[in-house]
Structures are given as structure tokens and as C-alpha cells.
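Per-entry structural report
Next come the chains, spelled out residue by residue.
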Amino acid sequence: MQLNGSHFGAFILILLQSLRLVQAENFVEATGLTQCSDSSEVTVNNFNAVFTPKNKSISIVFDGYSAVAGEVLIDVDLLVYGYKALTQTFNPCSLDLTVFCPMQAIELQIPTISQTLGSDVVSQIPSIAYSMPDIDAVVRLKLKYKSGGTQITCLETRIRNGKSVYQPGVSWTLAIITGLGLITSTVVSLLGHSNTATHLAFRSLAFLGFIQTQAMVGMSSVKLPPFVQSWTQNMQWSLGIVQSDSLQTVATWFQRATGGTPSTVMTSSSTVAVVLQKRSALHRRAAEKGSQILLRGIERVGIRDSIELTNIFMTGYLFYYFITALVVTCVGLILLARTVLAKKPTLLPKLDRAIGVTADWRPILRNTFFRLACIGYPQMCILCLWELTRRDSAAEIVLAITMWLVTTAVLAFAAFKVFQRAIRSKQQHNTPAYTLYSDPATLNQWGFLYIYYRAPVYYFLVPTLVYTIVKGMVIAFAQPSPVAQSIILLVLELAMMLATAIIKPFMSKGANVTAIAITVLNSLNAIFLLVWSDVFNQPDLMTGILGVIFFLVNAIFTLVLLIYLLVGMVYAIFLKKPDTKYKPLGDDRDSFRWSRTGTTTELSSLEKIARGEEDTEGHPHPAPVVTAPPSDEDLSMAARRPYNDVVDPSLPLFPPSYDHTRRSS
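Since this is a predicted model, take the numbers as computed values, not measurements. (Residues numbered from 1 in each chain as written. Predicted model: local features only at pLDDT ≥ 70, side-chain atom pairs only at ≥ 80, totals over all residues. Heavy atoms only, no water.)

**A few points about the environment of Val265**
With respect to the secondary-structure elements, Val265 resides in the loop between α7 (245-257) and β10 (272-275). Residue classification places Val265 among the buried positions, given a relative accessible area of 6%. Along the backbone, Val265 and Ile303 are 38 residues apart, and their C-alpha atoms lie at a distance of 8.4 Å. (Helix = DSSP H or I, 4+ residues; strand = E, 2+ residues; numbered from the N terminus. Buried < 20%, exposed > 50% of the residue type's maximum accessible area, 1.4 Å probe, protein only.)

**Brief notes about the pairing of strand β6 (residues 83-90)**
For strand β5 (residues 72-80) and β6, the ladder comprises seven bridges, and the chain directions are antiparallel. Counted as the bridge partner of Val80 is Tyr83 from β6. Counted between consecutive antiparallel strands, the loop separating β5 from β6 contains two residues, among which Tyr81 sits at a positive phi close to 50 degrees. (Pairing = 2+ DSSP bridges.)

**What to know about unusual backbone geometry**
One non-glycine residue with positive phi stands out, namely Asp534, at about 65 degrees. As for its placement among the helices and strands, Asp534 is situated in the loop between α17 (509-532) and α18 (540-574). A positive phi angle, close to 50 degrees, is found at Asn537, a residue other than glycine. Tracing the backbone through its elements, the reader meets Asn537 in the loop between α17 and α18.

**What to know about the packing of aromatic side chains**
Summed over all chains, the structure comprises 18 aromatic pairs. Pairing Phe419 with Tyr458 gives two aromatic rings, centres 5.2 Å apart and planes at 65 degrees, and the pair type is edge-to-face. Of the two residues, Phe419 is situated in helix α12 (residues 394-429) and Tyr458 in the loop between α14 (440-450) and α15 (461-477); the sequence distance between them amounts to 39 residues. Among the aromatic residues, those joined into a cluster by ring pairs are Phe202, Tyr452, Tyr453, Phe460 and Phe506. A cation sits over an aromatic face here: Arg203 above Tyr564, 3.9 Å from the ring centre. (Phe/Tyr/Trp six-rings, centres within 6.5 Å; stacked < 30°, edge-to-face > 60°. Lys NZ or Arg CZ within 6 Å of the ring centre and 35° of its normal.)

Here is the structure:
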């Protein structure tokens, strides 16, 4: 590719700054010049360049300072996915800009200028430059003295074309399907299909967990390729980073009311250039003066969703409470509907049985909060701990500390209660499964932590919680150190992968295969992060290729998990007996249902006859022949449990509870 110096120089300077395009026409833009060398002879406050092929015009804005005096030349390298596609040297005097010919040690201010390129120049730009989403193209400018050729400084900018894989529609779709999976598991559990509900809840939470891990990759402080930035941005809703003008207004008001100073990056977009990635440390200059703000990590994902830097924590905090209020409202409606349906037991006989075991609304709400704390814990670990380094206001620091301590204490207390009951069960019955799966109080209150694990491996809930805490701390506290952050994350992901693959803690073979595949991919993503941190000083071509591989692998696996979840939802909704699609669980949990505990099957028959139920073959139970009186343990269990079937906590948001009012009857 050959371009004359004048036209090519103008085109490159065009490709150096931000674009604001509201029409669906092709364009190429560049935003911000960042240093790619240790020298600082040229500093940039604001730079913007846009090329529109329709009218063959380039518009340029430049504001900065130069400590260089004399005649200079500029070497221009065009890197596409790390591959050096073009190298050109040109003289800035050919652009007819007096501030560059010769350069002087003064403020360099170029007002908005426009220039029309010739057809010969425009025709050499491939059409893929306008259509490839998140194109990974970088223009690198090396400034050197005309006499002697000594390099002065190096600046680079990333080219964009407005096409991106980050689409709000994708985020909404993922969020809605995840929510539908959780709700469907709740309804199916109420209808009595406990095995289906357990598997569907696992699929929903596995899908949500994988989305959250991808969002964490986007929050890491390493220099991410454009494909990776945009793809992971689709997942940020799972960690509370959502675009909402209402949340922004409330967060800004709260910060001002508590003595904080809100940032004005979004409101100063006309005078401030935002650069979303940089190799060296984070730098800022005052926005009022017209400056360039260089962002990465959590701040980068916040700005991409149009969230002010000082509002990122409060946005996630308020979003969590919004979801909590929404879920509590849904629970209230279900409780209200239950009251109405309970007065008409013949309306939905199958549902009447489930309604009967959910009579006490207080444990239902309490356990709902427990489950919400478990689902939102990764979000709270990252944002609350990160706020301690931001210190947006004193009140926000208090909120962050309180929220993290409360959620951590709640989950730690739940884990303690599970271990307490499991140890006692093992001492009395030689297996932890007896109490964990036969006691409805334990199952209802704490089952959300261990129901998806094999009964003997209930303890795996502790490594899972520790993994979440450590990962949140690393992402929150290691933002200034991308290399250290990526190394610790790699060690953490490898440890989790080995533990999952060796122990195989989940309830079924399919669940273990899914979990192991997720941990393997998380480890692969951690390796990508380590490479992108430049610890190996790899060529740019390798960085670009890995960015494409990351997008393809994670997008395909996300689609596989999505289909996996949708298939489970189809089974649950359209099959009359969805439990037949799942094999009985391989642990001992089913052996501890009331009808199989001890030797008093006659007592079980009496219980069914008293309720007017039929046996599994559809025939009424005959009058039992009592051969021995029930033991004290059996009687205490019968008093504790109103029904023969175990109460299943597989519904992750709306837990059941046994009816205290029916125990005496």
C-alpha cells in the first residue's frame, strides 16, 4: 500500500481521536493519544479525529504541549491485530500546519479543522475497516529529529469504527433468560418436581456464575483487546454495573449530600477525551482545563456504561437493593396468591400440597434474603472493597464496609450452621446426609448452600465462598498492579479447577462436567489475562490473536450454557413428568425421605391414609398391620415433618417452609 506523505499524514492525524456519530454511516475514528515510550516531551490534553468516507472528509482537534523545538519527522506504523500492516514516514510540514513546521516548545492548539482526501487515498482503505466490529487497529506515531534521526517520543491511538459486539440487547437477553430460569425452578418446585427444580436451579446459577466470571475479566486492570472489552461489557449487569439515569441521579445526590465531590467526566465530554486503556499507570488531569482521562479496570467498564466514576459503587449498591425489593415484592404476591388458593383447595389440587408447606411468611422472607446474599456476593465483594480505595464520600465508605461485613457474616453463619448439623448427623447416623436432607428446617434454611453438592461433599461450600472472597479482593485491591492481579487470579483459578476436577463435588455427572468445563475456561481466561499484562513482552500480533480467540471461545461456551439452560426450562415447562428426564441423584439424599427412614413404613402408610392419599401405584393404602410401636426418634420426626416427602430447597429465591400450624394436627 503506497500513500503520498501529505495525504497519509492527514489521514493518520484524523485517526487520532474520539467519535460521536448518531447516523448509521461508515466512519473511522480515533480517540486520545497515549504514550508508548518513557519520554514526555509531548503531552496531550485533548485529541479527536474522524474520517467519513461518504464525503471523504477528515476533522481534527488537538490540544497539548510540546517541549520539542526544531524540524521533525514522524514515523507512522499501522498495526492490525498486532500485525504491522503499514509503515510510513512523513514530514508534518506537508500538512500546512505552522505549529508543526518547525515544532516549538509551546502550547499546541489546533482548532477543529477539516480536510478532504483524494479518491486515490480513500480507495486504498479496505471496506472491512468500516464493518469489522471492535477492530483491533492501532496507529503508532514515533516523533524523531529530522537531522540525526534521534527518536523523541512515541504516541499511539486506537482506531474504531462504531461497530461493536457490546449491545444492550445482548445484556437484556442474558438477564431475562437467567431470571426466567430461576423463576421456572421455583414454580416447578412448588408443583412437586423436586429433582427437576434442583437441576434447573443448578443450570441457572451455573449460567449466572459464568457470566459473572466474564464480567470480572472485564473489570481487571490489564490492557484488554477491544473484542474482550466489548464482549465482557455485555456481562457487567451481573455485577451491578447498569446504565440508568435514575440511579445516576440518586447516586450523585447522595454523594453531594454526604460531603463527596462527584466527577464530571460524562458531563464534560466536549472538553475531555476518555481513553479506555493504557500500558502504564493511571493518570488524570483536571477536566475543567480540557484534558485526557486514561481509564482501565472497573472505571473503564463504568464509563462505557455512561456511569460517572464516583457513581460506580453506588450504582451497584442501589441496583442490588432494587433487585431485592423486586424479589420481595414477587414473594409477597406469591404469598398473597397462596392465601387465596388455600381457600379453594380443589382449584389446583397439586399446588395445594405445596401451598400447605409454605404457611409461615417470616422464614420465607428471611431465607429469600439469604439466597439473594449468596447470589449477589461476588458483586458486593468487588464493589464494596473497591470503594475503600476510591473513598467517594465518608457515608459511602460506611455503606461499603457495612454491606460487605453483613453479607460475609450472613454466609459465614449459614456455612457454620450447615457444618454444625452435618457433624452432628455424622456422629449420630454415620452420614451427614441424614440431617441435611431429612430435617426440613435445615433443608429450608441452609440448603441453598449445599443442595447442589453430593451429600458427602457438602463441605465444598467453604472453598466456593473462599474462592469468591479472594477473587473479589484481588480485583478490587490490585487495580494499580495488573501483573500481580493476573498472576494471583491464575493461581486461584487453577486451584479451583483442580479441586473441582478431583473432588467432583456436584450432585450428578452432568453437573460435574458442566462445573469442570466452566473452571477450565476460567483458568484459560486467567492465562489470557497474564499474557495481556505484558509480563512476557509478547509481540502485538500474539495479543491481537488471543483477543479474537477469547471472544470466540467464551461466546461459543456462553451459547452452549444458554442452550443447556433453555433445554432444562423446556423439560420443566412442557413435560408432564419432567423428573423422568433426570437420573436419580447418586448420593444418599433420597434414602432419607420419611418413608424410608427406619423400619416404620406402617407409620408412613397411616400418615398417607390420614391425608386421604394413594400409594405410588395409584391404589388406596390398605389398613396397616402394626408390628411394633414407633420409636421416639420416629415420633419426633413425624411431629417435625407434616408430610412424607422431603421439603426441597432447590428453588433459589422463594424457599418453602413447613407449616407450624399443622404440627399439632
